[in-house]
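# Per-entry structural report
Spelled out from the first residue to the last, the chains are:
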Amino acid sequence: CKELNCSEGFAEMIGEKMLDLRINSKSSSAAAKLKPDEVVDFVTNVILKCTSQSDFVLFALDDVQWMDSLSWKVVEMLLRRGKDLMILCLSRPLSINTTTIDPILLRELQEDKCKGNKHCRFTNIELTPFTKNDVRALFAASIGCDGQQIDNELCDYIYEQTGGMPYFAQEMIRGVIQDDMIRWQDDGIVRWRSGLDSSPQQALRSSMNDLILHRLDHFNSEARLLLQVCAVLGHEFTLSELITVDCHCKERKQKCIQNIHDTLRKACKEKILLEIFQGGSTTKQRSSYCSNEEEDAVVVEKVDDRIYAFSHAVWRNCLLGTMLAERQRDLHRKIATILEGEETDKVVELRHAMKVFGHWRGSGNLMNSTRLALKIGQYLDGLLFNRQSMDFCIEALEMWKPAKLQNKDDTGLIADIDPNHLKNITADGLDCLARIHIAIAKNILLKDRKSAGDWFQKTDLILTRAPAVVDMKDRSVFFALYSGYFTLAQAGGIPIDADGKHVNKDELAKRLVIQARIHGDPVHIARAFAMEALCFANIGDFEQAIKRQNQLEDVYSAKELSSRTCQEYDSDRSAQSYGYSVLWYEVLGLHEEAQHQISFILDEIMPHMPPKNVHNSMMILFPVITVLKDKGMARKAGSIFRMYVYDRFYEYYGEGSSTFLLKIYEPLIIWLQLAGDLDEGGITNDLKRQEFEDFALRADVGAVDKTRSLQMCAMGRDLHCVVAETLWMLADKCSDGERKKLMLQKGIEQAKISSEYTSTDQGYEYARRQSVNILQKYSKAIVD
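Criteria and cut-off values
- Residues numbered from 1 in each chain as written.
- Predicted model: local features only at pLDDT ≥ 70, side-chain atom pairs only at ≥ 80, totals over all residues.
- Heavy atoms only, no water.
- Salt bridge = Lys/Arg side-chain N within 4 Å of Asp/Glu carboxyl O.
- Helix = DSSP H or I, 4+ residues; strand = E, 2+ residues; numbered from the N terminus.
- Buried < 20%, exposed > 50% of the residue type's maximum accessible area, 1.4 Å probe, protein only.
- Axes fitted to C-alpha atoms, helices over the stretch in contact; angles between N-to-C directions.
- Left-handed = near helix turned anticlockwise from the far one by under 90°.
- Contact = heavy atoms within 4.5 Å.
- Nonpolar A, V, L, I, M, F, W, Y, C, P; charged D, E, K, R; others polar.

Here the focus is the pattern of salt bridges. According to the stated counting rule, one finds 32 salt bridges in the structure shown. Residue Arg548 pairs with Glu532 through a salt bridge whose shortest N-O separation is 2.9 Å. Taken together, the residues Arg548 in helix H25 (residues 542–555) and Glu532 in helix H24 (residues 522–538) connect sequence positions 16 residues apart. The buried category is assigned to Glu532, whose relative accessible area is 13%. Between Glu765 and Arg768 there is a salt bridge, and its shortest N-O distance comes to 2.9 Å. Placement of both Glu765 and Arg768 in helix H36 (residues 765–783) is noted, with a separation of three residues, approximately one turn of the helix. Arg768 sits in the partly exposed class, given a relative accessible area of 32%. Here the residues in one salt-bridge network are Lys629, Asp630, Arg717 and Glu725, joined through shared partners.

Structure, rendered in C-alpha cells:
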C-alpha cells in the first residue's frame, strides 16, 4: 500500500476481509469507501509492482471455469497493461461461465486468433491424454533411465489402465515403484519383478480409487479418520482450523496436536497434501513439540498461517467416498458450530463466513445456511458487489429444491422450493427466506424488471403458502415486499401477486397502510403514507397527495427514523416524499409552502441522511434542484447538487462505479452552470462554452432508457428536457451558424421526446410544463 501510495483501507479490505491475510491495519475508515473497480485496479497494480523487475513473467491460473467476474477483470487489466507477461489459464473444456468473463474481451481474443495475426495475444491449447510414448517417458523419468529401457508390456499395461490420464499414470507408476514390483534385468530392460505373489495385473490396482485406497492403507485408523476430517474441512484448510475442530472437547490436547502433526507430515510425504505458508513464518520447528499446557496454547496460536491443500481433487473425493453421508453431515455440523462461534448480526470476515456457510450447507441445515447467506449477501451489497451478492443468494436457494428436481422439471414446486420445506419452516425461517428473495429482486430490478417481478412474486407465494405465516410476530417483511412491488411499478414493471393477478399501485399502498397500522411502527407507517401520497400524485390529485404528506410529517423524524428506514427499505422513501411534495405545492400554486418545504429539507432532512447513499440524496434533492433553477436560483441548486450528490459519489465510489441516475450527473452540472450564468447576467467564457457545446452534441448525451426518463418525470424534469434546455442556452449565444443549427436540431428532438414522456401520466404535471415551455421556444425559433 505504501509503495502504491494507497491508504491502509486497501490492506484491510482486500487483505483481511477478502483474502483472509493477517495484517495489522490501524484504521478501517477507508475500507468502506472501496468500490469494485478500485479493488480490481489495486490487485492489478500489486501484481504489476511485484513483477516489475522481472524480464519475463508467467502468470498461471488453474480452474478458471470457477473464476469470479472481478478476477476476470484483473486478468483483462493485466492483459492490457502488462509487459513481458504470459497468462496461462487452465480450464475444463467449454465450461467458462460467460456471465463472469467480459464478452467483449472474449470476443476480442477470439477475433484476434481467427485473423491469424502473427503476434496473436490468444492461443488455445487442447490438453489431450498421454500417448504410450508419453507414459514411457514419464516412467523413465521417475526411475532415471532412458525410455527405450522400459519394457513394452509394462508400458502398455500402465497406459491401458490409466487411459493416458497423466495424474493416474503418475500415481500408478509411483505405486509400482513403492511396492517393489519392477526389476532391472540383465539386458538393461526394466520389467515386472519375477516371483510376485500374484500376476502384475492382479497385484496392481486397476482403478484410481483402488490405488488411492491402497495408499491410504499405509495410515493407521486414527490417521485415516483425521484425513477424513481434513476432506470435510475442504480442498484447502488451515492447521489452526484442523486443531480447533479435531481437538475440540478432547482432554489430552497435546497428544491430539502431536498426532495431527505426524499425520500431516506423512500425508505431505505421500503427496496427498501440499503444505503452504501464508504471510510471515512460524517460530516452532516442525519436529519440536511442547510439553505443557501453556506452550501448547502457543503452538496453536503460532501455526495459524500454515495452510494445507489436497494435491489433487481425487484424494479428497476418495476420502469423502469412504464416509457415510450421515457422518459427513455430522462433521459439517460440528465444524460449522465451532467455526461460527458466537453469532453476530453482520459478516466481519468474508472468507471465514463463506467457509462456515459451506459447512452449514454440507450439514443439510437449510435455515442456518440461508440465514448466513443473507448476511453475506448484505455484506457484498455494502461493498457494491451487487452482482456477486445476487449470484451467491441464488446459489444458496438451490438447497431448497428437492435434489432429484434440481436439474429437471420444476413441476410440484412452490416458488422453486420443495413444498415439504415450506410446510416445516418456522416463522423466523420464513422471514429469512422471504428477505433473501427480496434482496435478489432489488439487485436485479434496475437491469431486468421482468425477472425482478418474478422474484417478488415468488416472495408473495412463499409468504402466502407457508403455514408458519400465522405465527409471524414481526411482519415487517411484508412492508419490504409491498415497497419492492411499488418500486417495481414506479419503474414501469408489472407487479404480479401469488394468485397471478396484477396488483396496481393503489392496492399496494392500501395493503401497506393496513399492515403498518397493525404493526404500529412509525418507520412503516411513514413509508405507507409516502406510497399513498405518490399514488394520489400519479393520478393528478395533488391536494390529496399533500394531505398524505402532512400525515407522514406527523409521524416522521429524520433524526430518529431515517437510519432504521434505510435499513428496512435500502433508501429513505419517507424523506424522498418531502422532495416530491415540493413539486406538488408548485403545481397547486402554493409557492410559499414549496419554499418552506425546501428549507426544511435542507435544514432538517439532509443532515441526517447517510452520506454514502447518494442515490437516496439524489431522489430527495432533484425536485428541489429543478424548482430552485426555475426560480432563478441555479447557483444555489448547483451548490446543493455538488455538495450532497456529485462530490460524495466521486468521494466514496469514483470513476468506474455506477448508480441509477449517473447519466444525468454531467448534463446537470452544465445545465446549472449555464443557467447560473444567465441568472447573474454573466456570459460563460468561450473556452468553457466550447467544451459544453462539444459535450451536449455528443451522441450519447440524452440517450437514456425510458425507465430512467419516466422516473425523472415524476421528479420534475427528465434528462431529455435538461439536454434540450442546455442546447437552447448554448445555441442562443453561438455565432457559428452551422454549429447553432446542429444544436437546434438536436434540441428540438430532445424536447419532443420529453414532451411525449411527460404527457403519459398526470403525475408528471410539473415536468410537463417545463417540456411544453422549452418545446414552444424551439418551435418559435424554427418558424422565425
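Glancing now at the packing of helix H18 (residues 386–397) against helix H20 (residues 427–445). In the contact formed by H18 and H20, the axes pass within 9 Å of each other and the chain directions differ by 145 degrees. In terms of crossing hand, the pair formed by H18 and H20 is left-handed. Contact residues: Asn386, Ser389, Met390, Cys393, Ile394 and Leu397 in H18; Leu433, Ile436, His437, Ile440, Asn443 and Ile444 in H20. Across the contact of H18 with H20, the residue classes tally to eight nonpolar, four polar and no charged.

Time to look at the environment of Ala466. By secondary structure assignment, the location of Ala466 is in the loop between helix H21 (449–465) and helix H22 (476–490). Taking the C-alpha atoms as reference points, Ala466 and Ile425, separated by 41 residues in sequence, lie 7.5 Å from one another. Ignoring anything within four residues of it in the chain, the contact list for Ala466 reads Leu422, Ile425 and Leu430.

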